[in-house]
Amino acid sequence: MSLLDRDGVRVTVHNAVATVTLTNAERRNAQTPAMWRALAETGRRLTGDIRVVVLRAEGVSFSAGLDRRALTPEGIEGQLSLFDLARYPEAELDATIAGYQEAFTWWRRPDLLSVAEVRGHAIGAGFQLALACDLRVCAEDAQFAMRETSLGLVPDLTGTHPLVELVGYARALEICATGRAVRAAEAERIGLANLVVPGEELAAATDDLAAALLAAPRDAVIETKALLRAATRNDYDTQRAAERAAQGRRLADLVAES
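Residues numbered from 1 in each chain as written. Predicted model: local features only at pLDDT ≥ 70, side-chain atom pairs only at ≥ 80, totals over all residues. Heavy atoms only, no water.

## A few points about the packing of aromatic side chains
Threshold: Note on aromatic contacts: the rings of Phe and Tyr and the six-membered ring of Trp form a pair at centre separations within 6.5 Å, being stacked when their planes are under 30 degrees apart, edge-to-face when over 60 apart, and tilted otherwise. Working definition: helices are DSSP H or I runs of at least four residues, strands are E runs of at least two. Numbering for both runs from the N terminus. Remark: exposure states derive from per-residue accessible area (1.4 Å probe, protein chains only) relative to the maximum for the residue type, with buried under 20%, exposed over 50%, and partly exposed in between.
For the structure shown, the criterion picks out 4 aromatic pairs. When the ring of Phe127 is compared with that of Phe144, the centres are 5.1 Å apart and the planes differ by 40°; the resulting orientation is tilted. Pair noted here: Phe127 is in helix α4 (residues 125–132) and Phe144 is in strand β8 (residues 143–145), with a separation of 17 residues, a long-range link. Accessibility expressed as a relative area gives 0% for Phe127, which makes it buried.

## Topic: the environment of Glu117
Our working rule: Residue contacts are counted whenever heavy atoms from the two residues lie within 4.5 Å of one another. In protein, a polar contact means a hydrogen-donor-capable atom and an acceptor-capable atom, both N or O and within 3.5 Å, with residues adjacent in sequence counting only if both atoms are side-chain atoms; elsewhere, any N or O pair within 3.5 Å suffices.
Along the chain, the position of Glu117 falls in strand β5 (residues 113–118). Taking the C-alpha atoms as reference points, Glu117 and Arg69, separated by 48 residues in sequence, lie 26 Å from one another. The residues contacting Glu117, other than those within four sequence positions of it, are Leu55, Arg56, Phe62, Val137, Leu202, Ala203 and Thr206. At a separation of 2.7 Å, a polar atom in the side chain of Glu117 contacts the side chain of Arg56.

## Brief notes about the pairing of strand β2 (residues 9–14)
This is how the line gets drawn: Any two strands are treated as partners once DSSP identifies two or more bridges connecting them.
With burial as the criterion, only one face of β2 is covered, namely that bearing Val9, Val11 and Val13; the residues Arg10, Thr12 and His14 on the opposite face remain uncovered. Across 4 bridges, strand β1 (residues 2–6) lies against β2 in antiparallel orientation. Considered in β2, the bridge of Asp5 is made with Arg10. Note: β2 against strand β3 (residues 17–22), 6 bridges, orientation antiparallel. When the sheet's bridge partners are listed, His14 is paired in β3 with Val17. Count of turn residues in the β2/β3 antiparallel hairpin: 2 residues, of which Asn15 carries a positive phi of about 55°.

Next up, the structure:
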């Protein structure tokens, strides 16, 4: 079933899996505000029947990042020029960037598990879109880079929090400040990639992971995801208490279902 197809984004649904595909292959899936609006709309359209979201991209690259036309005075016709954005009043600038961020925030919804399938370049906004997902499966040619700082900007599309969570502060700072490429083997070693496979096996590996994520009872997966997310901010005793409470809910549900 097709859920959406516009502005470089196509969304299809089969059973409990939604597949979001970036379709602007001729521009290496460079991102625009129109694409961000389509991605944000996708998040709003996904119902409670969806358990797993797979993010894919057509062509040789996952996403080359922000469409470079936005960095020119002319900008992307009818959409964005950073030169114009710089002139916005502070409140309007904040609200505009917050609107762009909506394309990146819903992938970690508590009721979903999201998987980014990455081949080729994932640069800047592309890197941050991959980071927005819970998990990442990468082809051997995948390359991540955070180039914003090299352009005099900062990563502002929700990527800094998950990057630090995954690789730690010092490594995240080095990656962002240098703008260097993190290739697939290193990405797997430092925790950016859950799995790295040959390019011809990428789609099958992602599908296998999606199927494995669907195998466990949904409510148990949701509770486990919530526990693991909370573990990054809870102290040991608070986390133990959260585990007990979650297990109590699961036991009550299992008894009620029997």
